[in-house]
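Spelled out from the first residue to the last, the chains are:
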Amino acid sequence: MRLKSEHAKYVADKISIDLLKSGFVKLTQGLDPVSEAAVLILNEDMDIEKEINNEAMALIDTQDDDIEFYQADRKQLVWMIKRKIAAEKGFSFNWEERISDIAHHILDELYEEDLINYTISENRIKNIIFKSIDDYLKRQSDIEDIVYNKITNYKRDIPYGSEEYDIIFNKLYEEELRKLGL
């Protein structure tokens, strides 16, 4: 998935802000409960994907000798197994379908928990949520590039992957999000 677990909070915040700004939705308990509910749904989705990945890798690991003997493409086998497991679980790797499913689950949760009220069609609200997720993910790559360039232009060298790098990266990433109103 293009969405990383550390970004779930940012996506959820964007969803709650976009719902509020839409003018179609009344947030009955404010932004935070809406954001928290969205984070839970996003994390559940990412957990399912991790579970599928782990199952596929475990299955592949048990067949290492055969894979080597037949000179099979390990990466292609993993992808085929992941698709089969995902289909059995009703999980889609198609990005648009997946965002649509997530948006629907978030809408259901917000409505069931009485966190939102609206008088327009559910589909329009779901589309706002879908667009929030999609917009964030489109911007994510650009933001990461900006932050990476800022860090590489520091006067001193900060080793990629170090704790210091991660702290600085996260701080700069949040600044860029704030600049965009996220």
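Residues numbered from 1 in each chain as written. Predicted model: local features only at pLDDT ≥ 70, side-chain atom pairs only at ≥ 80, totals over all residues. Heavy atoms only, no water.

So, about the packing of aromatic side chains. A complete count under the given rule lists six aromatic pairs for this structure. Plain terms: the ring middles of Tyr10 and Tyr173 are 5.6 Å apart, the flat faces sit at 50 degrees to each other, and that makes the pair tilted. With Tyr10 in helix α1 (residues 8–22) and Tyr173 in helix α7 (residues 163–179), this residue pair connects regions lying 163 residues apart in the sequence. Summarising the burial analysis for this pair, Tyr10 and Tyr173 share the class buried. By way of ring pairs, the aromatic residues Tyr10, Tyr165, Phe169 and Tyr173 are connected into one cluster. Taking the ring centre of Phe24 as reference, the NZ or CZ of Arg124 above it sits at 4.4 Å. (Phe/Tyr/Trp six-rings, centres within 6.5 Å; stacked < 30°, edge-to-face > 60°. Helix = DSSP H or I, 4+ residues; strand = E, 2+ residues; numbered from the N terminus. Buried < 20%, exposed > 50% of the residue type's maximum accessible area, 1.4 Å probe, protein only. Lys NZ or Arg CZ within 6 Å of the ring centre and 35° of its normal.)

Moving on, we come to α1. Here α1 is 15 residues long and its end C-alpha atoms lie 21 Å apart, about the 21 Å a rise of 1.5 Å per residue gives. Ala8, Tyr10, Val11, Ala12, Asp13, Lys14, Ile15, Ser16, Asp18 and Leu19 are the residues of α1 that are buried. Check the buried side of α1 and you find it contacts β1 (25–27), α2 (31–62), α5 (95–112), α6 (122–152) and α7. One or two residues past the end of α1 sits Gly23, with phi positive at roughly 80 degrees. (Expected span 1.5 Å × (residues − 1). Contact = heavy atoms within 4.5 Å.)

What follows covers the confidence of the model for the chain. Considering every residue of the chain, the mean pLDDT works out to 87; 95% of them sit at 70 or more. Here helix α3 (residues 64–69) is the element of the chain with the lowest mean pLDDT, 70, and β1 is the one with the highest, 95. (pLDDT = per-residue confidence, 0-100.)

Here we take up the pattern of salt bridges. Under the criterion given, the structure shown has 14 salt bridges. The partner of Glu176 in a salt bridge is Lys179, and the shortest N-O contact between them spans 3.2 Å. Of this pair, Glu176 and Lys179 both sit in helix α7, three residues apart, which is roughly one turn of that helix. (Salt bridge = Lys/Arg side-chain N within 4 Å of Asp/Glu carboxyl O.)

Below, the discussion takes up the side chain of His7. Relative to the assigned elements, His7 resides in the segment before α1. Look at His7 and you get buried, because its relative accessible area is 4%. Here the side chain of His7 touches Gln140 through a polar contact of 3.1 Å, side chain to side chain. With residues near it in sequence (within four places) discarded, His7 still touches Tyr136, Gln140, Glu144 and Tyr173. (Polar contact = N/O pair within 3.5 Å; in protein donor to acceptor, adjacent residues only side chain to side chain.)

Right, let's get into the environment of Asn170. With respect to the helices and strands, Asn170 occurs in helix α7. For Asn170 and Ile151, which are 19 residues apart along the polypeptide, the C-alpha to C-alpha distance reads 11 Å.

Turning next to the nonpolar core. Judged by nonpolar contacts, the single largest core of 42 residues is most densely connected at Leu19, Ile106, Ile116, Ile125, Ile129 and Ile133. Among the secondary structure elements, those contributing two or more residues to this core are α1, β1, α2, α5, β2 (116–118), α6 and α7. Every residue in contact with Ile125, bar those within four places of it in the chain, is listed here: Leu19, Phe24, Val25, Leu107, Ile116, Tyr118 and Ile120. (Core = buried A, V, L, I, M, F, W, Y, C linked by side-chain atoms within 4.5 Å.)

The phi angle at Asp114 is positive, at roughly 55 degrees, despite the residue not being glycine. Examined against the element boundaries, Asp114 turns out to sit in the loop between α5 and β2. You can call Asp114 partly exposed: its relative accessible area is 43%.

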